[in-house]
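Spelled out, the chains give:
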Amino acid sequence: EVESLSHSLNLFYGGVEVKSHGEERIQETLRLMTEKTPVIFQATFIKDGFIVRNDALKYDPANNCWDLYEIKATNSIHEGGRKRDHIVDIAFQVSVLYRSDVRLGRYFHVRLNKEYVRAGDIDVEALFEIEDVTLEVIKDYKKYGLVKERGFLIKLISWLLINISNLGIVSILI
């Protein structure tokens, strides 16, 4: 239910959910990407024996790339006294998307806002927090095995050239 609620965020306006099954999911995903659909929910990729279904891919026309959104039905990065590592989930998806030659932009973690208090109808915009975790994934690219990905460093440099001014980064690889 949380993921369905997130689909109504203004950020995801014009989104289309991939609803087909099996191999058709991949073909539908590719068709929607070719059409530059603003937002694709449950985009599916299979590469090298790995399968991912992305919660949301949002097209960034200014940079001709796709931003990845991982939506979690949680309001905390901790569970049972231990830190959840949603970055690993995102990094795995990034790995499969790079292998699938998807031009990626930034990566986001969407979660419930723990400060939200409902008063009347649900205010979807206030219900969620959206955090840009791109730098966390990139800083730890070795930890997550992305450095082994074919062409990852070239794609990383390309991403940096696109986004360095937006993020105010001097050096993230040190």
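Up top is the structure.
Remember, predicted model here, so these are calculated numbers, not experimental data.

**As for the overall build of the chain**
The helix and strand inventory of the chain stands at 6 helices and 8 strands. Listing each helix as α and each strand as β along the chain from the N terminus yields α-β-α-β-β-β-β-β-α-β-α-β-α-α. Looking at the chain as a whole, 43% of its 174 residues are labelled buried. Within the chain, contacts between residues at least 6 apart in sequence are counted, and of these 54% link residues at least 24 apart. For the chain, the accessible area works out to roughly 9,700 Å², and carbon and sulfur atoms hold 52% of it.

**Examining the environment of Ser95**
Mapping Ser95 onto the fold places it in helix α3 (residues 86-99). In this structure, the C-alpha to C-alpha distance between Ser95 and Lys47, residues 48 residues apart in sequence, is 9.7 Å.

**Some remarks on the packing of aromatic side chains**
On inspection of all chains with the given rule, the structure shows 5 aromatic pairs. Between Phe12 and Tyr69, the ring centres sit 5.2 Å apart and the planes meet at 90°, which makes this aromatic pair edge-to-face. Pair noted here: Phe12 is in the loop between α1 (2-6) and β1 (15-17) and Tyr69 is in strand β4 (residues 65-71), with a separation of 57 residues, a long-range link. For the residue pair Phe12 and Tyr69, the accessibility class agrees, reading buried in each case. When the ring of Phe50 is compared with that of Phe92, the centres are 5.7 Å apart and the planes differ by 80°; the resulting orientation is edge-to-face. Here Phe92 lies in helix α3 and Phe50 lies in strand β3 (residues 50-60), a separation of 42 residues in the sequence.

**Considerations on the pattern of salt bridges**
Side chains that differ in sign of charge can pair as their charged atoms come close. Here the structure, examined in full by the defined rule, presents 7 salt bridges. One salt bridge in this structure joins Arg106 and Asp132, with 2.5 Å as the shortest N-O distance. Within this pair, whereas Arg106 is found in strand β7 (residues 104-112), its partner Asp132 is found in strand β8 (residues 128-132), the two being separated by 26 residues in sequence. For Arg106, a relative accessible area of 22% translates into the label partly exposed. With a shortest N-O distance of 3.3 Å, Arg111 and Glu129 are connected by a salt bridge. With Arg111 in strand β7 and Glu129 in strand β8, this pair connects stretches of sequence that are 18 residues apart. Residue classification places Arg111 among the buried positions, given a relative accessible area of 13%.

**Digging into α3**
Between its terminal C-alpha atoms α3 stretches 20 Å, which fits the 20 Å expected from 14 residues at 1.5 Å a residue. Within α3, 10 of the 14 residues are buried, leaving the element largely enclosed by the surrounding structure. All buried positions along α3 are accounted for by His86, Ile87, Ile90, Ala91, Gln93, Val94, Ser95, Val96, Leu97 and Tyr98. Where α3 ends, the next residue or the one after it, Asp101, has phi of about 60°, a positive value.

**Notes on helix α2 (residues 23-34)**
Along its 12 residues, α2 runs 17 Å from first to last C-alpha, staying within 8% of the 16 Å computed at 1.5 Å per residue. Of the positions making up α2, those classed as buried are Arg25, Ile26, Glu28, Thr29, Leu32 and Met33. Axial view of α2: buried residues confined to an arc of 165°, hence all on one face. Residues of α2 that are exposed and angled more than 90 degrees away from the buried face: Glu23, Glu24 and Thr34. In the core, the buried residues of α2 are packed alongside β1, β2 (39-47), β3 and β4. One or two residues past the end of α2 sits Lys36, with phi positive at roughly 55°.

Conventions and cut-offs
- Residues numbered from 1 in each chain as written.
- Predicted model: local features only at pLDDT ≥ 70, side-chain atom pairs only at ≥ 80, totals over all residues.
- Heavy atoms only, no water.
- Helix = DSSP H or I, 4+ residues; strand = E, 2+ residues; numbered from the N terminus.
- Buried < 20%, exposed > 50% of the residue type's maximum accessible area, 1.4 Å probe, protein only.
- Contact = heavy atoms within 4.5 Å.
- Areas by Shrake-Rupley, 256 points an atom, 1.4 Å probe, with all protein chains shown as cover.
- Phe/Tyr/Trp six-rings, centres within 6.5 Å; stacked < 30°, edge-to-face > 60°.
- Salt bridge = Lys/Arg side-chain N within 4 Å of Asp/Glu carboxyl O.
- Expected span 1.5 Å × (residues − 1).
- Arc of directions from axis to C-beta.

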